[in-house]
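Listed below, chain by chain, are the residues.
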Amino acid sequence: MAVAVKPKVRAKEYKPDYPIDWCPGCGDFGIVNAIHQALARLEIPRHKVAVFGGIGCSGKAQYYVNTYGIHTLHGRPVPFAIGTRLANPELYTLIVSGDGDSLGIGAGHFVAAGRRNVNLTYILFDNEVYGLTKGQAAPTLPLGLRTKAMAMENIQGAVNGLMLACATGYTWIGRGYAYNIKQLVDLLVQAIEHPGLAFLDVLQPCPTYNNLHTKEWFAGEDVGHPRLYDLQEEGYDPVIPEDADKALMEEKMLQFYRKANEWGDRIPTGVFLVNRNVSTFEERLAERFPAYKAVAPAKQPLADEDGTTLADLTPIFQEHLV
Ligand code: SF4
């Protein structure tokens, strides 16, 4: 008897059938390519994925992953993603957002997401500039630097996305590079599989507006060696186990702090932190409302077999009678 073989999911299934509209050489291409490959490696059907983008060049990424998705408002992909994931816990939910979108106008949502630890994958397109609006300084551009679109040096300090993610409760934190697709796919697979909120900072050259931190700069042409190195290749262990005591927690946090603040001639990539000590928001909800998993909104029937709505709004109206 022939055994049915499940068709293999291929990366091209997630690709759009229309052109991608970014500048030639933009690092965004590498990130989207890696998302396609990671979803294919995990063999996740397209209808089980939802991608949410904010505003900026990065926000367009959700159009280029052929799954469900919404191009939301500036800085607002987080609440859309959290609502969707809680309504349908079977959806793999991804956020694609730039450093301006996430750490500028969306910073409040970035922080709130960490406190909840909902099972999401947050991908930061980190290029230090607002590319879509012609290259102004974004929140990750270091103090004192001046890219070609700026009239003067940056007068504000940079936000360290890794540190902010750790301080606010993200339970998986990593960093990749848009032109190292092999590593980026591996990181994305781990981030998507992580049962909790995963933050992946992706260093992404913007060849049009960021003339400082270019492909050549990351390759270390001025210092004679590649700036980027892989933490795991150096034996760095990011895991805080479930039964970690206070001393181990402190040791892991100190280790994280050192690596998250390393920048310049050597820049770490890879997995910085995996914290298994924090419950997910879904677990907290299920504890408070034991029926949550069974009655998650997306699982509730909307209408009976005749098509008549099952929603009964009478109690709500009665509550507001005057
Ligand atoms: Fe990419 Fe920069 Fe062009 Fe935007 S402006 S598409 S980030 S190269």
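Nothing here was measured: the structure is a model prediction, and the numbers come from that model. (Residues numbered from 1 in each chain as written. Predicted model: local features only at pLDDT ≥ 70, side-chain atom pairs only at ≥ 80, totals over all residues. Heavy atoms only, no water.)

Trainee: What should I look at first to understand the site of the ligand in this one?
Mentor: Inspection of the region around the ligand gives Trp22, Cys23, Cys26, Cys57, Asn127, Gly131, Gln204, Cys206, Pro207, Thr208 and Tyr209 as its neighbouring residues. Considering only residue class, the shell around the ligand consists of seven nonpolar, four polar and no charged. (Near = heavy atom within 4 Å. Nonpolar A, V, L, I, M, F, W, Y, C, P; charged D, E, K, R; others polar.)

Trainee: Sorry, what's going on with the pattern of salt bridges here?
Mentor: When their charged atoms lie close together, side chains carrying opposite charge are able to pair. Per the counting criterion, the structure on display carries 13 salt bridges. Residues Glu282 and Arg85 are paired through a salt bridge, measuring 3.1 Å at the closest nitrogen-oxygen approach. With Glu282 in helix 9 (residues 281-288) and Arg85 in helix 2 (residues 77-87), this pair connects stretches of sequence that are 197 residues apart. A residue is classified by how much of its surface remains accessible, and Glu282, at 6% relative accessible area, is buried. Asp201 serves as the salt-bridge partner of Arg175, at 3.1 Å between the closest nitrogen and oxygen. One end of the pair, Arg175, is in strand 7 (residues 172-177); the other, Asp201, is in strand 8 (residues 198-203), with 26 residues separating them in the sequence. Accessibility assignment for this pair places Arg175 and Asp201 in one class, buried. (Salt bridge = Lys/Arg side-chain N within 4 Å of Asp/Glu carboxyl O. Helix = DSSP H or I, 4+ residues; strand = E, 2+ residues; numbered from the N terminus. Buried < 20%, exposed > 50% of the residue type's maximum accessible area, 1.4 Å probe, protein only.)

Trainee: Sorry if this is basic, but what is going on with helix 2 here?
Mentor: Two residues of an α-helix separated by three or four positions point the same way, owing to the 3.6 residues in each turn. Every buried residue of helix 2 is listed here: Pro77, Val78, Ala81, Ile82, Arg85 and Leu86. Buried residues in helix 2, looked at end-on, bunch into an arc of 150°, giving them a common side. In this structure, the buried side of helix 2 is in contact with strand 1 (49-53), strand 3 (92-98), helix 3 (99-105), helix 4 (107-116), strand 4 (121-126) and helix 9. (Arc of directions from axis to C-beta. Contact = heavy atoms within 4.5 Å.)

Trainee: How should I be thinking about unusual backbone geometry in this particular structure?
Mentor: Glycine aside, a negative phi is what most residues show, and trans is what most peptide bonds show. Backbone geometry places Glu43, a non-glycine residue, at a positive phi of 55°. Position of Glu43 among the secondary structure elements: in the loop between helix 1 (28-41) and strand 1. Overall, Glu43 belongs to the partly exposed group, its relative accessible area being 29%.

Trainee: Even after reading the chapter, I still don't get the pairing of strand 3, so can you show me in this structure?
Mentor: Along any regular strand, the residues point their side chains to alternate faces of the sheet. In terms of burial, strand 3 is a largely internal element, six of the seven residues being buried. Here five bridges tie strand 1 to strand 3, and the two strands are oriented parallel to one another. Bridged to Val49 within strand 3 is Tyr92. Alignment of strand 3 against strand 4, held across five bridges, turns out to be parallel. Following the sheet pairing, Leu94 is matched in strand 4 by Thr121. (Pairing = 2+ DSSP bridges.)

Trainee: I tried to follow the packing of helix 1 against helix 6 (residues 181-193) on my own but got confused; where do I start?
Mentor: Packed helices, taken two at a time, are described by their axes: the angle between them and the distance between them. At a minimum axis distance of 8 Å, the contact between helix 1 and helix 6 shows a crossing angle of 55°. Considering their axes alone, helix 1 and helix 6 lie oblique with respect to each other. Crossing hand, helix 1 versus helix 6: right-handed. Residues Gly30, Ile31, Asn33, Ala34, Ile35, Gln37, Ala38, Leu39 and Arg41 of helix 1 form the contact with helix 6, whose participating residues are Ile181, Leu184, Val185, Asp186, Leu188, Val189 and Ile192. A breakdown of the residues in the contact of helix 1 with helix 6 according to their chemical character gives 11 nonpolar, three polar and two charged. (Axes fitted to C-alpha atoms, helices over the stretch in contact; angles between N-to-C directions. Parallel < 35°, antiparallel > 145°, perpendicular 65-115°, else oblique. Left-handed = near helix turned anticlockwise from the far one by under 90°.)

Trainee: Would you explain the packing of aromatic side chains in this entry?
Mentor: Geometrically, a pair of aromatic rings is defined through the distance of the ring centres and the angle of the planes. This structure, assessed with the given rule, holds 14 aromatic pairs. Ring centres of Trp22 and Phe29 lie 5.6 Å apart, and the angle between their planes is 85°; this geometry places the pair in the edge-to-face category. When the centroid spacing of 5.2 Å and the interplanar angle of 70° are considered together, the rings of Phe110 and Tyr122 count as edge-to-face. Of this pair, Phe110 sits in helix 4 while Tyr122 sits in strand 4; the two residues are 12 residues apart in sequence, bridging distant segments of the chain. No difference in accessibility class separates Phe110 from Tyr122, as the two residues are buried. By way of ring pairs, the aromatic residues Tyr177, Tyr179, Trp217, Phe218 and Trp263 are connected into one cluster. Over the aromatic face of Tyr179 sits the side chain of Lys215, whose NZ or CZ is 5.8 Å from the ring centroid. Against the face of Tyr229 rests Arg266, its NZ or CZ located 3.9 Å from the ring centre. (Phe/Tyr/Trp six-rings, centres within 6.5 Å; stacked < 30°, edge-to-face > 60°. Lys NZ or Arg CZ within 6 Å of the ring centre and 35° of its normal.)

Trainee: Can you help me understand the nonpolar core in this one?
Mentor: The nonpolar side chains of soluble globular proteins are, as a tendency, buried together. In this structure, Ile31, Ile35, Leu39, Ile123, Trp172 and Leu188 are the most contacted members of the largest nonpolar core, which totals 36 residues. Taken together, the elements giving at least two residues each to this core come down to helix 1, strand 1, strand 3, strand 4, helix 6, strand 8 and strand 11 (267-275). Not counting the four nearest positions on each side in its chain, Ile35 is found in contact with Val65, Leu94, Val96, Ile123 and Leu188. Leu120, Leu162, Ala165 and Ala260 belong to the second largest nonpolar core, which has 34 residues in total. (Core = buried A, V, L, I, M, F, W, Y, C linked by side-chain atoms within 4.5 Å.)

Trainee: I would appreciate a short explanation of the packing of helix 2 against helix 4 in the present structure.
Mentor: Packing of helix 2 against helix 4 brings their axes to within 9 Å, and their N-to-C directions diverge by 30°. Our classification of the angle between helix 2 and helix 4 gives roughly parallel. Two secondary-structure elements touch here, helix 2 through Val78, Pro79 and Ile82 and helix 4 through His109, Ala113 and Arg116. Per-class residue counts for the contact of helix 2 with helix 4 are four nonpolar, one polar and one charged.

Trainee: What should I look at first to understand the pairing of strand 7 in this one?
Mentor: Burial runs high along strand 7: six of the six residues are buried. Relative to strand 8, strand 7 runs parallel, the two sharing six bridges. Looking across to strand 8, one finds that Trp172 is bridged to Ala198. One crossover worth recording links strand 7 to the parallel strand 8 by way of helix 6, and it is right-handed. Looking at chain direction, strand 7 and strand 11 are connected through four bridges and run antiparallel. In the strand pairing of strand 11, Trp172 is matched with Val274. (Right-handed = clockwise from strand over helix to strand, strands pointing away.)

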